[in-house]
Amino acid sequence: MKFVALTIFPELLQAFWDNGIMRRATADGIISPEAVNIRDFAEGRHKVTDDRPYGGGCGMVMKPEPLAAAMKVAKASAPEAPTILLSPQGERFSQTAAEKLAGHKELILICGRYEGIDERFTERFVDLEISVGDFVLTGGELPAMVVMDAVTRLLPGALGNEDSAGQDSFENHRLDCGHYTRPPVYEGEAVPEVLLTGHHEAIARWRRTDALMRTLVRRPDLLRQKPLDKEDTALLKEWRREIERLLRSQPDGGPGPSSGGG
Ligand code: 4FV
């Protein structure tokens, strides 16, 4: 996978590429990241890449010409790459989007700065806009790193043990289960017994149950994204029975529909 990033702060991305999984994936030839400095294509002594917004208002806007010239170089390096602009106006990034992007051989990522980019550049050169969330950052470099990180760890060989990406959160529209390591007792709290048994089936069942419960409590919206399989359906029905037993066991038989408490 080739990543070509258009930015005025290549050093920011270089630091990201020079560490951790990105560094090893680069060394193993799984990814080949490169930055194109937009400022190298800016005119004049001061090589300005931004200017005041037409219509007035605060902040500055990135000029189309340096971006277009930088894009030409990026396209020469990655001719088949979809061009992705990181912006709050984009499609919300997700694990599903990461899996889709991981199917490409090369990606061009455009990192904006200031208030944004001249729309005429976006219309002409951007295939896809991606947002990492409904908040405003000072630049597109961090969102670009988020996308490159999420995509790279899905590439064969990037994580070292193949299946770990397969057990991801969101992989199957579930939050991850809890994870534990030594010491067996920390601050007086022991690791869940079953995890020490080596009983793989029981451990898998515990992890599935824990993931389902966490998802039910924290992100029930995820559970509606894909039909429940029979194991989870059985678990949820068992919990429902338990909840009903508990409610029925309440002194007044529990807040029934009649008492408006239900
Ligand atoms: C952003 C986001 C984001 C907006 C103006 C950069 C900033 C500045 N990008 N998801 N949220 N971008 O806030 O992707 O140029």
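Residues numbered from 1 in each chain as written. Predicted model: local features only at pLDDT ≥ 70, side-chain atom pairs only at ≥ 80, totals over all residues. Heavy atoms only, no water.

(A) Spatial organisation of the environment of Gly57. Tracing the chain through its elements places Gly57 in the loop between strand E3 (50–51) and strand E4 (61–62). Accessibility expressed as a relative area gives 63% for Gly57, which makes it exposed. Along the backbone, Gly57 and Met22 are 35 residues apart, and their C-alpha atoms lie at a distance of 39 Å. (Helix = DSSP H or I, 4+ residues; strand = E, 2+ residues; numbered from the N terminus. Buried < 20%, exposed > 50% of the residue type's maximum accessible area, 1.4 Å probe, protein only.)

(B) Inspection of the site of the ligand at higher detail. Lining the immediate surroundings of the ligand are 15 residues, of which Tyr114, Val132, Gly133, Phe135 and Leu137 lie closest. Within the backbone of Ser87, an N or O atom sits 3.4 Å from an oxygen atom of the ligand. One nitrogen or oxygen atom from the main chain of Tyr114 is found 2.8 Å from an oxygen atom belonging to the ligand. Taking a 2 Å distance to the grid points as the criterion, the majority of the atoms of the ligand fall inside the second largest pocket. (Near = heavy atom within 4 Å. Polar contact = N/O pair within 3.5 Å; in protein donor to acceptor, adjacent residues only side chain to side chain. 1 Å grid on protein atoms, 1.4 Å probe; cavity = no way out; pocket = protein on both sides within 12 Å on 5 of 7 lines; lining within 4 Å. Sits in = over half its atoms within 2 Å of the grid points.)

(C) Spatial organisation of the packing of helix H8 (residues 200–218) against helix H10 (residues 230–248). Running from N to C, H8 and H10 cross one another at 65°; their axes reach a closest spacing of 11 Å. H8 and H10 meet at a crossing whose hand is right-handed. Together, Arg208, Thr209, Leu212, Met213 and Leu216 of H8 and Glu231, Asp232, Leu235, Leu236 and Trp239 of H10 make up the contact between the two elements. Considering only residue class, the contact of H8 with H10 consists of six nonpolar, one polar and three charged. (Axes fitted to C-alpha atoms, helices over the stretch in contact; angles between N-to-C directions. Left-handed = near helix turned anticlockwise from the far one by under 90°. Contact = heavy atoms within 4.5 Å. Nonpolar A, V, L, I, M, F, W, Y, C, P; charged D, E, K, R; others polar.)

(D) Expanded view of H10. Here H10 is 19 residues long and its end C-alpha atoms lie 27 Å apart, about the 27 Å a rise of 1.5 Å per residue gives. Within the span of H10, buried status applies to Asp232, Leu235, Leu236 and Trp239. In a view along the axis of H10, the buried residues occupy a sector of 95°, so they form one face of it. Looking at H10, the residues exposed on the side facing more than 90 degrees away from the buried face are Lys230 and Arg248. Turning to H10, the residues buried within the fold contact H8. (Expected span 1.5 Å × (residues − 1). Arc of directions from axis to C-beta.)

(E) The arrangement of the pairing of strand E1 (residues 2–7) in detail. Judged by how many residues are buried, E1 sits mostly within the fold: five of six residues are covered. Inspection of the sheet shows E1 paired to strand E2 (residues 32–37) by six bridges, in the parallel sense. Along E2, the bridge assignment pairs Thr7 with Asn37. By the bridge criterion, five bridges tie E1 to strand E6 (residues 106–111) in an arrangement that is parallel. Opposite Phe3, over in E6, you have Leu107 as the bridge partner. (Pairing = 2+ DSSP bridges.)

(F) Up close: the sheet that holds strand E7 (residues 128–131). Judged by pairing direction, the sheet is parallel, and its five strands sit side by side in the order E2-E1-E6-E5-E7 without closing on themselves. Strands with a single pairing partner mark the edges of an open sheet, and in this sheet they are E2 and E7. Averaged over all pairs of adjacent strands, the angle between strand axes in this sheet comes to 35°, irrespective of strand direction.

(G) Just the side chain of Ser131, in detail. Considering the arrangement of structural elements, one finds Ser131 in strand E7. Look past the residues within four positions of Ser131 in its chain and what remains in contact with it is Ser87, Pro88, Gly90, Glu91, Arg92 and Phe93.

(H) Representation of the nonpolar core in the model. Core analysis: the largest hydrophobic core is formed by 28 residues, its most contacted members being Phe3, Ile31, Leu101, Leu109, Val147, Met148 and Val151. Counting only elements with at least two residues in this core, the list comes to E1, helix H1 (10–17), helix H2 (20–27), strand E5 (83–92), helix H4 (95–101), E6 and helix H6 (141–152). Here this core gets six residues from one element, more than from any other, and that element is H6. Excluding anything up to four places from it in sequence, Ile31 contacts Met1, Phe3, Met22, Ala25, Thr26, Thr152 and Leu155. Of all hydrophobic cores here, the second largest spans 18 residues; its members include Val4, Ile8, Ala78 and Ile110. (Core = buried A, V, L, I, M, F, W, Y, C linked by side-chain atoms within 4.5 Å.)

(I) View of the packing of aromatic side chains. By the definition in use, this model includes two aromatic pairs. Between Phe121 and Phe125 the ring centres are 5.0 Å apart and the planes differ by 25°, which places this aromatic pair in the stacked class. With Phe121 and Phe125 both in helix H5 (residues 119–125) and four residues apart, the pair spans about one turn of that helix. Residue classification places Phe121 among the buried positions, given a relative accessible area of 1%. (Phe/Tyr/Trp six-rings, centres within 6.5 Å; stacked < 30°, edge-to-face > 60°.)

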